Amino acid sequence: DWTMAEFRAAKIAEIRAQVGTGRVICGLSGGVDSAVAAVLIHEAIGEQLTCVFVDHGLMRAGEADQVVSLFRNHYNIPLVHVNAETLFLNGLAGLTDPEAKRKFIGKTFIEVFEEEAKKIGGADFLAQGTLYPDVIESVSFTGGPSVTIKSHHNVGGLPERMNMKLVEPLRELFKDEVRALGRELGLPDIFVGRHPFPGPGLAIRIPGEVTKERCDILRKADAIYLEEIRNAGLYDAIWQAFAVLLPVRTVGVMGDHRTYDYVLALRAVTSTDGMTAVAFQFPGDFLPRVATRIVNEVRGINRVTYDYTSKPPGTIEWE
Ligand code: XMP
């Protein structure tokens, strides 16, 4: 039975042995996993590591700034911040199929990442915050035909193309263990305790076509929902909470006006590893209060629903 301090020391030795004097590049997603992997690797090899944050414009409100300031100011880890919002949104125009959206984002992410890696003179190793559930879930389920439920977006495909070896120090860990390791490494609590956020970002929380307008509407609604969850002291009791903007418009009434706007779905689940999940039961008037705030404060949404589906048979994300 390992303590996190022992795991940390062992991994640092392992990373040093694997990397030697080589150069490592690490893609940051804004999530806990890649941040913990980067900080651990930085501790092992210092300046041999460069982080690249490809900002696809599909982040939540304020998220890109948080990542950049954590790395540059708090840790002083070299970080290349690429703003690629226009590239991603242009390519997503007209795409509605969930796997087509995921594949476009994964492929484009690789292209942008590759270009940035070239600019900094390349690297011998690629670091990723791959976790144990990522390893099993995106490959196949045993006992039947090999089925891809969702093409998980990390930076798969890069090592072969760029002739780099992988450094994946979190491959044996579950989420709760990554958090414990993050705390062990001194990452701030607001970062370590953060709910998981998928690589393709808000694109998979907008069924149908992703547009800048829809992303902006979703960001506002999501921020209100999360603010209420934090204020109610419920954030840490929930594995993951987020809003989903449905490409469906319904009729409503505001004052003496008829409205015809989008529907928003709220999702919150409890889980221990993301492999199975149950809808969170909010107390009393929480959901109606959030629904009222969102409809009053976010132009473009006039109806709010709550998703009670467990995983399985549902998945946590809607796409
Ligand atoms: P699902 O929707 O498959 O999600 O029940 C399980 C967990 O994985 C997250 N997720 C992703 N994480 N890249 C990631 O890094 C992805 O492409 C991706 N898709 C889903 C999801 O947010 C949940 O925590």
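None of these values were measured; they are calculated from a predicted model.

1. Examining unusual backbone geometry
Right, on to step 1. Lys 311 connects to Pro 312 through a cis peptide bond whose omega is -20 degrees.
Right, on to step 2. Tracing the chain through its elements places Pro 312 in the segment after strand E9 (301-306).
Right, on to step 3. Each neighbour pair has its own omega, and for Pro 312 with Pro 313 the value is 10 degrees, a cis peptide bond.
Right, on to step 4. Take Pro 313: it is sitting in the segment after E9.
Right, on to step 5. If you check the backbone angles, Asn 76 has positive phi at about 60 degrees while not being a glycine.
Right, on to step 6. Structurally, Asn 76 can be placed in the loop between helix H3 (63-75) and strand E3 (79-83).
Right, on to step 7. On the basis of neighbour count, Asn 76 is assigned to the exposed category, with 9 C-beta atoms found within 10 Å.

2. Focus: the nonpolar core
Right, on to step 1. The biggest cluster of nonpolar side chains holds 77 residues, and the ones touching the most others in it are Val 24, Cys 26, Val 36, Ala 38 and Ile 41.
Right, on to step 2. Counting residues per element, this core draws most heavily on helix H2 (residues 32-45), which supplies 10 residues.
Right, on to step 3. Apart from the residues within four sequence positions on either side, Ile 41 is in contact with Ile 15, Val 24, Cys 26, Leu 49, Ala 127, Val 167 and Pro 169.

3. Considerations on the UniProt feature "binding site: ATP" (unreviewed entry) in the protein
Right, on to step 1. This chain's UniProt record puts "binding site: ATP" (unreviewed entry) on Ser 29, Gly 30, Gly 31, Val 32, Asp 33, Ser 34 and Ala 35.
Right, on to step 2. With respect to the helices and strands, Gly 31 occurs in the loop between strand E1 (24-28) and H2.
Right, on to step 3. Dropping the residues within four chain positions of it, Gly 31 is found in contact with Pro 196 and Phe 197.
Right, on to step 4. By C-beta crowding, Ala 35 is classed as buried, having 27 other C-beta atoms within 10 Å.

4. Comments concerning the packing of helix H1 (residues 4-19) against helix H8 (residues 175-184)
Right, on to step 1. Axis separation between H1 and H8 bottoms out at 9 Å; the angle between their running directions is 80 degrees. When the axis of H1 is compared with that of H8, the two are roughly perpendicular. For the pair formed by H1 and H8, the contact residues are Met 4, Ala 5, Phe 7 and Arg 8 on the first element and Ala 180, Leu 181 and Glu 184 on the second.
Right, on to step 2. When grouped by side-chain class, the residues that make up the contact of H1 with H8 number 5 nonpolar, no polar and 2 charged.

5. Focus: the pairing of strand E2 (residues 49-55)
Right, on to step 1. The buried fraction of E2 amounts to 7 of the 7 residues, a majority that puts the element mostly inside the structure.
Right, on to step 2. Taking every second residue as pointing to the same face, both faces of E2 are buried, with Leu 49, Cys 51, Phe 53 and Asp 55 on one and Thr 50, Val 52 and Val 54 on the other.
Right, on to step 3. Sheet analysis places E1 next to E2, joined by 5 bridges and oriented parallel. Each residue of the ladder has a partner; that of Cys 26, found in E2, is Cys 51.
Right, on to step 4. Crossover handedness for the path E1 to H2 to E2: right-handed.
Right, on to step 5. Relative to E3, E2 runs parallel, the two being bridged by 5 bridges. Pairing of Cys 51 across the sheet is with Leu 79, part of E3.
Right, on to step 6. The parallel pair E2 and E3 is bridged by H3, and the resulting crossover is right-handed.

6. A short note on the packing of H1 against H2
Right, on to step 1. Close contact between H1 and H2 brings their axes to 9 Å; oriented N to C, the two are set at 65 degrees. Put simply, H1 runs roughly perpendicular to H2. In this structure, H1 meets H2 at a crossing whose hand is right-handed. Note on element contacts: H2 touches H1 through Leu 40, Ile 41, Glu 43, Ala 44 and Ile 45, opposite Lys 11, Ile 12, Ile 15, Arg 16 and Val 19.

Conventions we followed
- The numbering scheme is per chain: residues are counted from 1 as the chain's sequence reads.
- Selection of residues for local features in this predicted model requires a pLDDT of at least 70, selection of side-chain atom pairs for listing and counting requires 80 or more, and totals for whole chains, interfaces and linings are taken over all residues.
- Numbered from the N terminus, helices here are DSSP runs of H or I no shorter than four residues, and strands are runs of E no shorter than two.
- Between the buried cut of 20 or more and the exposed cut of 12 or fewer other C-beta atoms within 10 Å of a residue's own C-beta lies the partly exposed class, and all C-beta atoms are placed from the backbone.
- By definition, a nonpolar core groups buried Ala, Val, Leu, Ile, Met, Phe, Trp, Tyr and Cys residues that connect through C-beta atoms lying within 7 Å of each other.
- We call two residues in contact when their backbone-placed C-beta atoms lie within 7 Å.
- UniProt positions are given in the numbering used here, feature names are shortened, and annotations may be inferred rather than shown by experiment.
- Only the stretch in contact is used when a helix axis is fitted, and all axes are lines through C-alpha atoms; the angle between N-to-C directions ranges over 0 to 180 degrees.
- Our angle categories are set so that under 35 degrees counts as roughly parallel, over 145 as roughly antiparallel, 65 to 115 as roughly perpendicular, and the remainder as oblique.
- Charged residues are taken to be Asp, Glu, Lys and Arg, nonpolar residues to be Ala, Val, Leu, Ile, Met, Phe, Trp, Tyr, Cys and Pro, and polar residues to be all remaining types, Gly included.
- Paired strands are those between which DSSP finds at least two bridges.
- Orient the strands so they point away from the viewer; a crossover is then right-handed if the path from the first strand over the helix to the second runs clockwise.
- Definitions for this section: a left-handed crossing has its near helix turned counterclockwise from the far helix by less than a right angle. A right-handed crossing has that turn clockwise.

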